[in-house]
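For reference, the chains in residue letters:
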Amino acid sequence: MGTKQLKGSVDEADVTRADSLAREIFSDIANKWALLIIECIADRTLRFSELRDGIEGISHKMLTQNLRMLERNGLVDRTVYPTVPAKVEYTLTEPGRALRVTIDGMCDWTHAYLGHIEESRRRFGS
């Protein structure tokens, strides 16, 4: 299913609609790797290897795919320097920095309710 481009209409911002651009964006950024990449970059400018080293468990392929998606959505700027080997740096754009505020809130929520969630999981048996 393709996404309709409704050019800023109210329908386009409705994440409950299957064909909305908002849902497509939400789907892109609501994955653990995208959130961790944004949190890792933070207010810095990082190279690919620094990102890979800063996010435990992410594969080269997943980092590449998620960086491309974040760049496509205008959340990350990618700068390539004409050196041998090529030097590539990543930094958050203004929308990326704004999203990071939300991610920081999610991190704060996780810290605040970690004990509660652990207890619920223990009672649930997982």
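Each remark here, short or long, concerns the structure printed above.
Report follows, based on the coordinates. Since we're looking at a predicted model, the values are computed, not measured. (Residues numbered from 1 in each chain as written. Predicted model: local features only at pLDDT ≥ 70, side-chain atom pairs only at ≥ 80, totals over all residues. Heavy atoms only, no water.)

## Thoughts on the overall build of the protein chain
Working step 1: Scanning the protein chain from terminus to terminus reveals 5 helices and 3 strands.
Working step 2: Listing the helices and strands of the protein chain from first to last along the sequence gives α-α-β-α-α-β-β-α.
Working step 3: Relative to the 2.2 N^0.38 estimate, which gives 14 Å for 126 residues, the radius of gyration of the protein chain is 17 Å and therefore markedly larger than a compact globule would have.
Working step 4: Reported as C-alpha extents along the three principal axes, the dimensions of the protein chain are approximately 55 × 40 × 25 Å.
Working step 5: Evaluated residue by residue, the protein chain yields a buried proportion of 28% over its 126 residues.
Working step 6: Residue pairs at least 24 apart in sequence account for 42% of intrachain contacts in the protein chain once pairs closer than 6 positions are excluded.
Working step 7: Accessible surface, the protein chain: about 8,700 Å² in total, of which carbon and sulfur atoms supply 55%.
Working step 8: If the 18 positive side-chain charges of the protein chain are averaged to one point and the 19 negative ones to another, these points end up 5 Å apart. (Helix = DSSP H or I, 4+ residues; strand = E, 2+ residues; numbered from the N terminus. Rg over C-alpha atoms; globule rule 2.2 N^0.38 Å. Buried < 20%, exposed > 50% of the residue type's maximum accessible area, 1.4 Å probe, protein only. Contact = heavy atoms within 4.5 Å. Areas by Shrake-Rupley, 256 points an atom, 1.4 Å probe, with all protein chains shown as cover. Lys, Arg positive; Asp, Glu negative; His and termini not counted. Charge placed at Lys NZ, Arg CZ, Asp CG, Glu CD.)

## What about the state of the cysteines?
Working step 1: Counted by the stated rule, this structure contains 0 disulfides.
Working step 2: No disulfide involves Cys40; its sulfur sits 12 Å from the nearest other cysteine sulfur, which is in Cys107. (Disulfide = S-S within 2.5 Å.)

## Notes on the environment of Arg68
Working step 1: In this fold, Arg68 is placed in helix α4 (residues 60-72).
Working step 2: Take Arg68: its relative accessible area is 58%, and that puts it in the exposed class.
Working step 3: Spatially, the C-alpha atom of Arg68 lies 9.0 Å from that of Arg78, the residues being 10 residues apart in sequence.

## Focus: the pairing of strand β3 (residues 87-92)
Working step 1: In this sheet, β3 lies alongside strand β1 (residues 46-47) in antiparallel orientation, the contact comprising 2 bridges. Residue pairing for β3: Leu46 is matched across the bridge by Tyr90.
Working step 2: Summarising the sheet, strand β2 (residues 76-81) and β3 pair through 6 bridges and their orientation is antiparallel. Within β3, the position partnered with Asp77 by the bridge is Thr91.
Working step 3: In textbook terms, the turn of a hairpin is the stretch between consecutive antiparallel strands, and for β2 and β3 this stretch comprises 5 residues. (Pairing = 2+ DSSP bridges.)

## Remarks on helix α2 (residues 32-41)
Working step 1: Of the residues making up α2, those classed as buried are Trp33, Ala34, Ile37, Ile38, Cys40 and Ile41. The buried side chains of α2 occupy one side of the element, clustering within an arc of 165 degrees when seen end-on.
Working step 2: With a side-chain oxygen lying 2.9 Å from the backbone nitrogen of Trp33, the N-terminal cap of α2 falls on Asn31.
Working step 3: The positive-phi residue at the C-terminal boundary of α2 is Ala42, with phi of around 50 degrees. (Arc of directions from axis to C-beta. Polar contact = N/O pair within 3.5 Å; in protein donor to acceptor, adjacent residues only side chain to side chain.)

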